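Residue strings, one per chain:
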Amino acid sequence: MKIIVLLKRVPDTEAKILINQEGTGIREDGVKFVINPHDEYGIEEGLKLREKLADGSKVTVVCAGPEEATEAIRTALAMGADDAVHVCDPKLADPNPFTVSEVLAKAIQAEGFDVIFCGKQAIDDDLAQVQSILAEKLDIPQVNNATAFEMAADCRSAKLSRRIEGGDEKIETSMPAIISCDKGLNEPRYASLPGIMKAKKKEIRKKSLADLGIAEVPGTGRSRVLKWLPLPKGGECRIVAAEETVDAVRELARLLREEAKVI
Amino acid sequence: MSIQGMILLAVFAAVLAVFGFILRMLVRTLKLGKPEARSGDTAKRIRSILVQVAAQARVLSQPAGLGHFVIFWGFIFVTLGTIEHMAGMIVPGFSYESLFGHAAAGWISLLQDLLGILVLVAILVSLFRRFALKPLRLRIDDPAARREAVLILSLIFVLIVLMLCIKSIGVLEGRIDGRYAPVSRFVSGLFVGRGLDLHLAESVLAWIHHLIIFFFLLYIPFSKHIHILGAIPNIYLRNLGPMGKLDRMDFGDENAEKFGNSVITDFTWKQLLDLYGCTECGRCQAACPAYLTEKPLSPFRMIHRMRHHLMRERGKLLAGGTESDDAAIIPDTMTEEEIWACTTCGACMNECPPFIEHVQKIIDLRRYLVMTESRFPAELQPVFRNMEVNYNPWSIGYASRAEWAEGLDVPAASQKTEFDVLFWVGCAGSFDARAQSVSRAMIALLSKAGVDFAVLGVEEKCCGETARRLGNEYLAQMLIDANIETLGKYRFGKIVTACPHCFNTFRVEYPQFGYQAQVMHHSEYLLQLVREGKLAAGPVPSTAGAYHDSCYLGRYNDILSEPRELLRRMGVEKQAEFARHEKRSFCCGAGGGRMWMEETIGRRINEERVGEFLALGVDNVFTACPYCMTMFEDGLKAREAGGVRVRDIAEVLLEAVGGGDN
């Protein structure tokens, strides 16, 4: 079985995000980049599926991103993925979801696939569009925000759960399909040291758009980011203190009513 | 030679041959272990033997050790008598008297008699302890351990009684001068007037005695009394360097499939020799914070089980076989719960009379679990991740590392390049709200004393200690290498830090990676500033308190008097001492990466320590370690001990020099 896992390189969840002066993106100095945490659930699910099948199935990481994304790809390989395709092209400097999906679709078709796992969204732009556009491009079903996944014995369908308001939704889908993964699906593993050592030797196939047979950057003009703006500066924090807690609460209520006019 | 002499010689030769065979097997077993260099410092090592074997210094550090001291020396003199008697049976006419003269032989005889009685008393006391008092330290869940101990004690008792009887016959027959054998002379009264054939009686008793000795010789290597063979070389080869220094792993081999230890042959020969050296005295477990709070770990049981594991496996291994998976140390000997329960406080190693090194073994097992198997308590994953990405175990971005200093005048190393003191803030001092106040106090004190100092700010990364003690040596070395590169950019006199964990790592472990610098803990450095008059410490009003020794400061690095002197110079009115203090201080529970793990089994270590503090009736805990501080703050809250303040010595000093309470 060919298991594809998608990966995006995003700023670390703890990073301090500052908008650059031109308003075209974030300042990257002082920002550490990691694998998109939701994608880690996808990688883990792919590895678990391969381990369960134990039939020589392969997990291939597919990533479209800058040169620096190699580090994140190596981490996925250290976790246990077999190999990787890294679409890296200067023309992809400022891609929109349509562009990325088109590129990924071409790369995935070139690899061949039986199932695709990805995160439910990237934590940087939170767009959550790629999996849907990709499903359309590849003409396969998609199940979003999976919290449980079980492949049928014949590998032609799978049963899944999704967390919805107040309960779980049980779904069955035919295969191949694209599954976007949510927290709760699994606990992504910590790469072992032999895994890290082996990852150094695993193959990352670098592809340009030309390699994928793409002449024009697809999706240009469909949507673009006009400007990035910093959040308006929040108000000053005030601590309402008094000898007795009750008095502090009264004072707080008065301030909220009379000054902030919110109650 | 008499017929008896010939038989004795034949039996003796046979026993000796078997014993030699056993010894060879024991040595070959050690060679199954990995190499480890333990040599040099011959003079120090010989001194160790004199102090720790002959004078039994550590054994005697507890009252019950007196019994061992008596039995040890008693047995040596009894054995001298055994040798004399056996030699006399084989070579007619042989005696110490004919060899050394009347007086010397007399003295040996006198010591045999007197020590003999003392040994009998010591054995009775030992049996009373085992059966009636049942002290905590002798508790073990293997009944065989107790059987062995009782068998050996009983045999020694019988040997002493036989010796006295044999000698008493010698007195009656005039071969032994009764003036040098008061006890034997007294015993001889039992044989007088009973119409006994004294000669026959002596032969029978001597044969029983000698056969027991032979049995003893062959039994020792298979019991805990193997320490008679193992302890002396173990003490000779003990670690003479800083306590608890972990060995450096080499990651050069990119094809390596395994890191750390999972089977017995992964340990070094010296670590295996430790197993021979164990006397099963259990002092380690009576000092172990994990054991004392009902956690599954006992250093005593760990060594006991490892020895039994080695004994079980060695036959197959010596025959060229390999260890099967079910012969793994984990979980056959050590469960994962035990491995993670250790705080690496080193109390076990500080007590151990034959100088067994427990902590490295536990770290070796952790290394295997973490690096090879990627198996560890779930709460550690974000800790490892954050140390990788943000260089600190707190889940905070690295760019925030210098935020604690906002609004303060803190010189950055990057703007000075040359200065006297590099104040190493550490992760706790940078990110933990309570420890940040200590960092700010340090800045105020250094500024007040006019010290030319700087901090690294966001260039500083975790020193690697947490990762290292958690078995993630690979991550630790990444951090260590990065720090060494950063430190190399600047010229400064010394590193000063308020964290004993950073301190120990820089002082003891960074040299393993080729980095040498003068490193001082803030307790040392602040004391120096006060002594030099650079800080004038006026008396601190109404401060009765107790200083809690951090393991990595006191036990690991011998910094015991400095913080106490500092507090004295500040005029702290009353300095109480914890029941367990200085080298025998009790861990706060946060060492060895335990700071980052849940403590769900047994009682909480910090609450145990807080209980010890509350018994002192003072209202200040003085600490010199950010982890200890956190553990005390939490423990006091849990015990609902309001009114008690936990303060770092730097905070107290700042108050004493009139810097106010920051």
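Residues numbered from 1 in each chain as written. Chains lettered and ligands numbered in written order. Predicted model: local features only at pLDDT ≥ 70, side-chain atom pairs only at ≥ 80, totals over all residues. Heavy atoms only, no water.

Concerning the overall build of chain A
Counting secondary structure elements, chain A contains six helices and 11 strands. Principal-axis analysis of the C-alpha atoms gives chain A an extent of 70 × 45 × 40 Å. Looking at the 263 residues of chain A, the share that counts as buried comes to 46%. For chain A, long-range pairs separated by at least 24 residues make up 71% of all intrachain contacts whose partners lie at least 6 apart in sequence. Approximately 14,400 Å² of chain A is accessible, and the part contributed by carbon and sulfur atoms is 50%. (Helix = DSSP H or I, 4+ residues; strand = E, 2+ residues; numbered from the N terminus. Buried < 20%, exposed > 50% of the residue type's maximum accessible area, 1.4 Å probe, protein only. Contact = heavy atoms within 4.5 Å. Areas by Shrake-Rupley, 256 points an atom, 1.4 Å probe, with all protein chains shown as cover.)

Considerations on a nonpolar patch on the surface
Residue and element names in this part refer to chain A. A cluster of nonpolar residues, Leu 252, Leu 256, Val 262 and Ile 263, forms a patch on the protein surface that exposes about 350 Å² of accessible area. The residue Leu 252 is located in helix α6 (residues 245-259) in this model. Exposure remark for Leu 252: the relative accessible area of 40% places this residue in the partly exposed category. (Patch = residues over 30% accessible without salt bridge, like charges linked within 9 Å, V, L, I, M, F, W, Y side chains within 5 Å. Salt bridge = Lys/Arg side-chain N within 4 Å of Asp/Glu carboxyl O.)

Let's talk about the domain arrangement of chain B
Residue and element names in this part refer to chain B. As far as domains go, chain B holds domain 1 (3-30 + 62-222), domain 2 (264-372), domain 3 (380-531) and domain 4 (544-656). When each unit is reduced to the centre of its C-alpha atoms, the spacing between domain 2 and domain 3 is 33 Å. Opposite the seven residues of domain 2 that make contact, domain 3 presents nine residues. Approximately 630 Å² of surface area, both sides summed, lies buried where domain 2 meets domain 3, with 63% of it carried by carbon and sulfur atoms. Linking domain 2 with domain 3 are one salt bridge. (Domains from an automatic or database assignment. Buried area = accessible area lost by both parts, 1.4 Å probe.)

Some remarks on the domain arrangement of chain A
When its domains are assigned, chain A resolves into domain 1 (2-207) and domain 2 (232-263). Each of domain 1 of chain A and domain 2 of chain A has a C-alpha centre, and these two points are 45 Å apart.

Here we look at the packing of aromatic side chains
Residue and element names in this part refer to chain B. Tallied over the full model, the rule gives 22 aromatic pairs over all chains. Taking the centre distance of 4.6 Å and the plane angle of 75 degrees together, the rings of Trp 424 and Phe 506 count as edge-to-face. Within this pair, whereas Trp 424 is found in strand β1 (residues 418-424), its partner Phe 506 is found in helix α23 (residues 500-509), the two being separated by 82 residues in sequence. With respect to burial, Trp 424 and Phe 506 carry one shared label: buried. (Phe/Tyr/Trp six-rings, centres within 6.5 Å; stacked < 30°, edge-to-face > 60°.)

Here we look at the side chain of Arg366(B)
All names here are of chain B. Mapped onto the secondary structure, Arg 366 falls in helix α17 (residues 358-372). Salt bridges are absent for the buried Arg 366, whose nearest opposite-charge side chain, Glu 465, sits at 9.0 Å. Among the polar contacts listed, one links the side chain of Arg 366 to the backbone oxygen of Arg 469, at a separation of 2.8 Å. Setting aside chain neighbours within four positions, we find Arg 366 in contact with Ile 339, Trp 340, Ala 341, Cys 342, Thr 344, Arg 469, Leu 470, Gly 471 and Gly 592. (Lys, Arg positive; Asp, Glu negative; His and termini not counted. Polar contact = N/O pair within 3.5 Å; in protein donor to acceptor, adjacent residues only side chain to side chain.)

A closer look at the pattern of salt bridges
All names here are of chain B. All chains considered together, the criterion is met by 73 salt bridges over all chains. Close ionic contact of Arg 38 with Glu 357 constitutes a salt bridge, the shortest N to O distance being 2.7 Å. A residue pair is termed long-range when its members are at least 10 positions apart, and Arg 38 in the loop between α1 (3-30) and α2 (42-54) and Glu 357 in the loop between α16 (347-351) and α17 qualify at 319 residues. Using a relative accessible area of 15% as the deciding quantity, one classes Arg 38 as buried. Residue Glu 357 is classed as buried on the basis of its relative accessible area of 16%.

Quick look at the interface of chain A and chain B
Opposite the 20 residues of chain A that make contact, chain B presents 29 residues. Both faces combined, the contact of chain A with chain B buries some 2,000 Å², and carbon together with sulfur accounts for 52% of it. When the buried surface of chain A facing chain B is broken down by residue, Tyr190(A), Leu193(A) and Met197(A) rank first, second and third, together holding 36% of it. For the interface between chain A and chain B, the tally reads four salt bridges. One salt bridge connects Lys16(A) with Glu403(B), and the closest N-O pair in it is separated by 2.9 Å. Where chain A packs against chain B, one counts 11 residue pairs in polar contact (both at pLDDT 80 or more). Sort the elements by how many residues they give to the side of chain A that touches chain B and helix α5 (residues 193-199) of chain A lands first, with five residues.

Focus: the sheet that holds strand β10 (residues 178-181) of chain A
Strand pairing in a sheet is mediated by backbone hydrogen bonds. Such pairs are either parallel or antiparallel. Residue and element names in this part refer to chain A. The strand order β9-β8-β7-β10-β6-β1-β4-β5-β11 describes an open sheet built from nine strands, whose pairing is mixed. Edge positions in the sheet fall to β9 (167-174) and β11 (204-207), since each has one partner strand and no second. The average angle at which neighbouring strand axes cross in this sheet is 35 degrees, direction not considered. In this sheet, strand β4 (residues 58-64) lies alongside strand β1 (residues 2-6) in parallel orientation, the contact comprising five bridges. Within the sheet, the bridge partner assigned to Val 5 lies in β4 and is Val 61. Strand contacts of helix α3 (residues 97-111): β1, β4, β5 (83-87), β6 (115-119) and β11, with the helix running at about 155 degrees to β4, the strand carrying the most contacts. (Pairing = 2+ DSSP bridges. Axes fitted to C-alpha atoms, helices over the stretch in contact; angles between N-to-C directions.)

Structural notes on the sheet that holds strand β4 (residues 518-521) of chain B
All names here are of chain B. Ordered in space as β2-β1-β3-β4, the four strands form an open sheet in which the pairing is parallel. Looking at the sheet topology across the chains shown, the edges are occupied by β2 (453-454) and β4. Direction of pairing for β1 relative to strand β3 (residues 491-497): parallel, over a ladder of six bridges. Bridge pairing in β3 places Val 421 opposite Lys 494. Contacts from α23 reach β1, β3 and β4 within the one sheet, and its direction differs from that of β4 by about 160 degrees.

Details of the packing of α1(B) against helix α13 (residues 299-318) of chain B
All names here are of chain B. Between α1 and α13, the shortest axis-to-axis distance is 10 Å and the interhelical angle comes to 90 degrees. Between α1 and α13, the angle falls in the class roughly perpendicular. Where α1 abuts α13, its residues Met 25, Leu 26, Arg 28 and Thr 29 lie against Leu 310, Arg 314 and Leu 318. For the contact of α1 with α13, the residue count by class is four nonpolar, one polar and two charged. (Parallel < 35°, antiparallel > 145°, perpendicular 65-115°, else oblique. Nonpolar A, V, L, I, M, F, W, Y, C, P; charged D, E, K, R; others polar.)

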